[in-house]
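# Examination of the molecular architecture
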Amino acid sequence: MKTLRASLSSLLILALVITSLPVVAATPAASELMSTQSVLASDQAGSDRQRINDVLARADVQQALVNQGVSPADVQERVAALSDSEARQMADRLDELPAGAGVVGALFAVFVILLITDILGLTDVYPFTR
Amino acid sequence: MTRCLFNARLAGVFMLALVLSACARTPVLLDSTREEIAPRTELGEVPFYAQTEYQCGPASLAMVLEHQGETASIEALIRQVYVPGREGSLQPEMLAAVRRHGLIAYPIRPTLDALLAHLDADEPVVVLQNLSLPLYPMWHYAVAIGYDLPRETLILRSGEIPRHTLSLARFDATWARSQRWGFVVKPPGELATGVSVRSAIEAISAFEAVQGPSTALDSWQALVERHPDSALGWFALGNARYADGKPGEAVDAFETATRQDPALGAAWLNLGLLLTQLDQPGAITAFERAAALEGPWQSKAREHLGH
């Protein structure tokens, strides 16, 4: 992961240096216009550092999702569909984000059972039942 | 040992208090909400898919996508959002999956009033609830499809229940634990009811990054029609028009953006660049305005002014 980051960083820096070299053509190309996404990330909008961080965040999310059992065949397209801010959010706190799973009921059943067994005097989990 | 027992007792009291407060609180709706929306509504045409195992995320997505005419199999959606290690699906990926199906996901304002207003406008809402207590969270996605104000109930497609009716109070207690998170799904060109301008712009921009500017063009148009004073909206429309090969119309949009917010340097810069390309007058003035404002556009504007 570290080496991936390091090699990716140097690649990115190289790419940014090359693309930022003055262009000879007089008319502006489409890429020269400031993009909507970069204005939305207005705090450090469009700065090279921010662009590197965003790409790295996506690489981090990709790795984290694979570690969590997502198939490597699917992960690239999944991360590509995230917006920059969503990718950052996922990179920062993938383990804390709530994962909607649903009405599986195991935990709640345990809670209710323990509550009842506590009242019946069979267990000693919830002091407030006495 | 005593200390431990004391802590346990404290925790018990705390939990009891939580349970009681969760049951007792009745959510208060604004008077204006009660006046503006119908007393009851139910979007019966929203299809139902029962969840299997931990797949409430994919099931909820399938329901709202199909409601917009986009058929997606649960298996395909599982591969797009499910995270095996977490045994569930995460919020950003739920929104991202909608984009991959050519539709736009708009996060709603986090209030019960907003939720009911969406339902009143025939927009089913995917909601994230914590069915259990914060201590043992049971996160769950469901689709809100209706409400009944006189009875104070909400109707959900939830888990394995096609029509789950529960009191507004109980629902709000479970919903509040996700900071009342939810989203609606709309096709390009249609805006969701009542979402903030900023969150609409972010939703369309994220969609544009995945599906391309020409697909997003209609949504930007709809946005500036509803919010004609949004400089950022006009700016985004300008970019989409330019990418779609309409530089002349893009100039109009950038000009409107600078009129709505003369401090939006990015709009001045893009206007200057386009006027230069089209060989029209006014480019120098636009670059001067951009160069005078602090921001990431400044250096490029100065470059074009030759200093």
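Everything quoted here is computed from the prediction, not taken from an experiment. (Residues numbered from 1 in each chain as written. Chains lettered and ligands numbered in written order. Predicted model: local features only at pLDDT ≥ 70, side-chain atom pairs only at ≥ 80, totals over all residues. Heavy atoms only, no water.)

Okay, the packing of helix 11 (residues 247-260) of chain B against helix 12 (residues 265-278) of chain B next. All names here are of chain B. Where helix 11 meets helix 12, the closest approach of the two axes is 9 Å, and the angle between their N-to-C directions is 150°. In terms of their interaxial angle, helix 11 and helix 12 are classed as roughly antiparallel. In this structure, helix 11 crosses over helix 12, and the sense of that crossing is left-handed. Listed contacts from helix 12 to Pro-247, Gly-248, Ala-250, Val-251, Phe-254, Glu-255, Ala-257 and Thr-258 of helix 11 are Ala-267, Trp-268, Asn-270, Leu-271, Leu-274, Leu-275 and Leu-278. Residue classes in the contact of helix 11 with helix 12 are distributed as 11 nonpolar, three polar and one charged. (Axes fitted to C-alpha atoms, helices over the stretch in contact; angles between N-to-C directions. Helix = DSSP H or I, 4+ residues; strand = E, 2+ residues; numbered from the N terminus. Parallel < 35°, antiparallel > 145°, perpendicular 65-115°, else oblique. Left-handed = near helix turned anticlockwise from the far one by under 90°. Contact = heavy atoms within 4.5 Å. Nonpolar A, V, L, I, M, F, W, Y, C, P; charged D, E, K, R; others polar.)

Before going further, it helps to spend a moment on the interface of chain B and chain A. Between chain B and chain A, the residue contacts involve 66 residues of the former and 44 residues of the latter. Roughly 4500 Å² is buried in total at the junction of chain B and chain A, and carbon and sulfur atoms are behind 64% of that figure. It is Arg-86, Pro-92 and Met-138 of chain B in chain B that bury the most area against chain A; as a group they hold 13% of the surface buried on that side. The interface formed by chain B and chain A includes four salt bridges. (Buried area = accessible area lost by both parts, 1.4 Å probe. Salt bridge = Lys/Arg side-chain N within 4 Å of Asp/Glu carboxyl O.)

Bringing the UniProt feature "domain: Peptidase C39" (unreviewed entry) in chain B into the picture now. Within this numbering scheme, the UniProt entry marks residues 51-182 of chain B as carrying the feature "domain: Peptidase C39" (unreviewed entry). The annotated region residues 51-182 of chain B carries 36% helix and 30% strand content, and the separation between its end C-alpha atoms amounts to 18 Å. (UniProt positions renumbered as here; feature names shortened; annotations may be inferred.)

This paragraph deals with empty space enclosed by the protein. The method is simple in principle: a probe with the dimensions of a water molecule rolls over the atoms, and the space it marks as empty is what remains. Residue and element names in this part refer to chain B. With the rule as written, the count across this model stands at two cavities of 30 Å³ or more. In this structure, the second largest cavity encloses a volume near 30 Å³. Forming the boundary of the second largest cavity are Tyr-49, Gln-51, Cys-56, Ala-59, Ser-60, Met-63, Tyr-141, Ala-142, Arg-157, Ser-158 and Gly-159. Every element with two or more residues in the lining of the second largest cavity is listed here: helix 3 (56-67), strand 6 (139-148) and strand 7 (153-158). In terms of residue count, the dominant contributor to the lining of the second largest cavity is helix 3 (four residues). (1 Å grid on protein atoms, 1.4 Å probe; cavity = no way out; pocket = protein on both sides within 12 Å on 5 of 7 lines; lining within 4 Å. Points joined across faces, edges and corners; volume = space filled by probe spheres on them.)

Let us now look at the side chain of Gln-129 of chain B. Residues and elements named next belong to chain B. Mapped onto the elements of the fold, Gln-129 is located in strand 5 (residues 125-130). A polar side-chain atom of Gln-129 sits 3.0 Å from a polar atom in the side chain of Thr-174. Leaving out residues up to four positions away in the same chain, Gln-129 has contacts with Met-138, Trp-139, His-140, Ala-142, Leu-156, Phe-171, Thr-174 and Trp-175. (Polar contact = N/O pair within 3.5 Å; in protein donor to acceptor, adjacent residues only side chain to side chain.)

All names here are of chain B. Among the structural elements, Glu-70 can be located in the loop between helix 3 and helix 4 (74-81). Assessed through its relative accessible area of 27%, Glu-70 is described here as partly exposed. Between the alpha carbons of Glu-70 and Asp-148 there is a distance of 28 Å; along the sequence they are 78 residues apart. Other than its neighbours up to four places away in sequence, Glu-70 contacts Leu-65, His-101 and Leu-103. At 3.3 Å, the side chain of Glu-70 and the side chain of His-101 are in polar contact. (Buried < 20%, exposed > 50% of the residue type's maximum accessible area, 1.4 Å probe, protein only.)

Right, let's talk about the pairing of strand 9 (residues 182-186) of chain B for a bit. All names here are of chain B. The element strand 9 is largely enclosed, with a buried count of five among its five residues. The side-chain alternation of strand 9 yields two buried faces, one formed by Gly-182, Val-184 and Lys-186 and the other by Phe-183 and Val-185. In the sheet, strand 4 (residues 104-107) pairs with strand 9 via four bridges, with the strands oriented antiparallel. Along strand 9, the bridge assignment pairs Tyr-106 with Val-184. Relative to strand 9, strand 5 is paired through two bridges, and the arrangement is antiparallel. From the neighbouring strand, Val-126 faces strand 9, where its bridge partner is Phe-183. (Pairing = 2+ DSSP bridges.)

Residue and element names in this part refer to chain B. Scanning the model with the defined rule gives four aromatic pairs over all chains in all. When the ring of Tyr-141 is compared with that of Trp-181, the centres are 6.3 Å apart and the planes differ by 65°; the resulting orientation is edge-to-face. Of the two residues, Tyr-141 sits in strand 6 while Trp-181 sits in the loop between helix 7 (168-176) and strand 9, which places them 40 residues apart along the sequence. (Phe/Tyr/Trp six-rings, centres within 6.5 Å; stacked < 30°, edge-to-face > 60°.)

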